[in-house]
Amino acid sequence: MSEMYTKHAVKYAEVVKDNIYNALLERPSTMALLGDLQGKDVIDMGCGSGEYAQWLLEQSVGRLTCIDISEEMIDLVKNKFGLNVHAYCQNLSQGLPLEKDNSADVIVCPLVLHYIENLTPVFESVCRVLKPGGYIVFSTHHPFADFECSESGNYFNRELVEEEWDTVGTPVKVQFYRRSLTEISEAVTNSGLLISKISEGMIDEKAKDLSESTYNHLKNNPNFIFFRCEKVHTQQNIKSDS
Ligand SMILES: C[S@@+](CC[C@H](N)C(=O)[O-])C[C@H]1O[C@@H](n2cnc3c(N)ncnc32)[C@H](O)[C@@H]1O
């Protein structure tokens, strides 16, 4: 796991509050795919420092569960929100073994899946844990944007990429998986979920005041991709519901 989310967790928490990539591109684009959340039981998968948790609590969700692999991130979330959230450490590569079947109305999973090699167990768990009629909204690196990091030159290969990012004001090594749109969508649909919306996000005009060059880049190039996927009512789960 990258030190970005352990050693630098506190600095990361500070930066993502109002930076361009998270606050002015990723969060508004993910939030645009979410419906009314009042009273909904929500799981925040890969919750990080709790920027989403804060917003989800403001939407008056029902039970909010925050999950992350990083103990430092989970401590930040517990310190900020106390008993208002149920927060625990879990490597999501193993799915959601502690969550009950048909127990969540909504799952959010922003900017986490590119850290996970095999998406199959993740989406199988998501499908199991969502209530029929529930949905997940997730975002990840855009396959088109990440293809420029490819060493093999084969878009369809999954590749582990290592980069240094300046997110926290000092270069930190980060490893992530670049993969094709086909691989992402097959992991979703093979689990039984149905993709209902895909978006490539929209940079907020306010980014122009922070950095005109970054704004222009994000206005002209895709950076993240956003999915909403539904657990539809089948004849079988309609019967078991009634
Ligand atoms: C880019 S941050 C996003 C945090 C939060 N979702 C947000 O958008 O503000 C990625 C988060 O994913 C977590 N993460 C990375 N790999 C993970 C894994 N295998 N299981 C659970 N969490 C993971 C990191 O610890 C980090 O908190």
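Residues numbered from 1 in each chain as written. Predicted model: local features only at pLDDT ≥ 70, side-chain atom pairs only at ≥ 80, totals over all residues. Heavy atoms only, no water.

By the naming in an unreviewed UniProt entry, the protein chain goes by Class I SAM-dependent methyltransferase and is assigned to Shewanella fidelis.

S.K.: I'd like to hear about the confidence of the model for the protein chain, residue by residue, with values.
M.R.: With 97% of its residues at a pLDDT of at least 70, the protein chain reaches an overall mean of 95. Note on residues 238–242: pLDDT under 50 across the span, and three contacts to partners over four residues away in sequence or across chains. (pLDDT = per-residue confidence, 0-100. Contact = heavy atoms within 4.5 Å.)

S.K.: Summarise the nonpolar core; cite the residues concerned and give the values.
M.R.: Ranked by internal contacts, the top residues of the largest apolar core, which has 33 residues, are Leu34, Leu37, Leu56, Leu64, Cys66 and Ile203. Within the residue set of this core, elements represented by two or more residues are helix H2 (20–31), helix H3 (51–58), strand E2 (64–68), helix H4 (71–81), strand E4 (104–110), strand E5 (130–141), helix H9 (212–220) and strand E9 (224–230). By residue number, the principal contributor to this core is H2, which donates five residues. Leave out the neighbours within four places in its chain, and cysteine 66 touches Asp44, Cys47, Ala53, Ile74, Val77, Val85, His86, Ala87 and Tyr88. Counting 28 residues, the second-largest nonpolar core is a separate cluster that includes Tyr88, Leu119, Ala187 and Leu193. (Core = buried A, V, L, I, M, F, W, Y, C linked by side-chain atoms within 4.5 Å. Buried < 20%, exposed > 50% of the residue type's maximum accessible area, 1.4 Å probe, protein only. Helix = DSSP H or I, 4+ residues; strand = E, 2+ residues; numbered from the N terminus.)

S.K.: How would you summarise the UniProt feature "domain: Methyltransferase type" (unreviewed entry) in the protein chain if you had to cite specific residues and measurements?
M.R.: The sites that UniProt annotates as "domain: Methyltransferase type" (unreviewed entry) are residues 44–138. Across residues 44–138 one finds 31% helix and 28% strand; the C-alpha atoms that close the span lie 10 Å apart. (UniProt positions renumbered as here; feature names shortened; annotations may be inferred.)

S.K.: Describe in detail the packing of aromatic side chains, supporting the description with residues and values.
M.R.: Here the structure, examined in full by the defined rule, presents nine aromatic pairs. Ring geometry for phenylalanine 138 versus phenylalanine 227: centroids 4.7 Å apart, planes at 10°, classification stacked. Of this pair, phenylalanine 138 sits in strand E5 while phenylalanine 227 is found in strand E9, placing the two residues 89 residues apart along the sequence. Residue class for phenylalanine 138 comes out buried when judged on its relative accessible area of 0%. Geometrically, the ring pair formed by tyrosine 155 and phenylalanine 156 is edge-to-face, given 5.0 Å between the ring centres and 85° between the ring planes. The partly exposed category is assigned to tyrosine 155, whose relative accessible area is 21%. The rings of Tyr5, Tyr12 and Tyr115 are connected pair by pair, giving a single aromatic cluster. Here the basic side chain of arginine 228 rests over the ring of tyrosine 135, its NZ or CZ set 3.6 Å away from the ring centre. (Phe/Tyr/Trp six-rings, centres within 6.5 Å; stacked < 30°, edge-to-face > 60°. Lys NZ or Arg CZ within 6 Å of the ring centre and 35° of its normal.)

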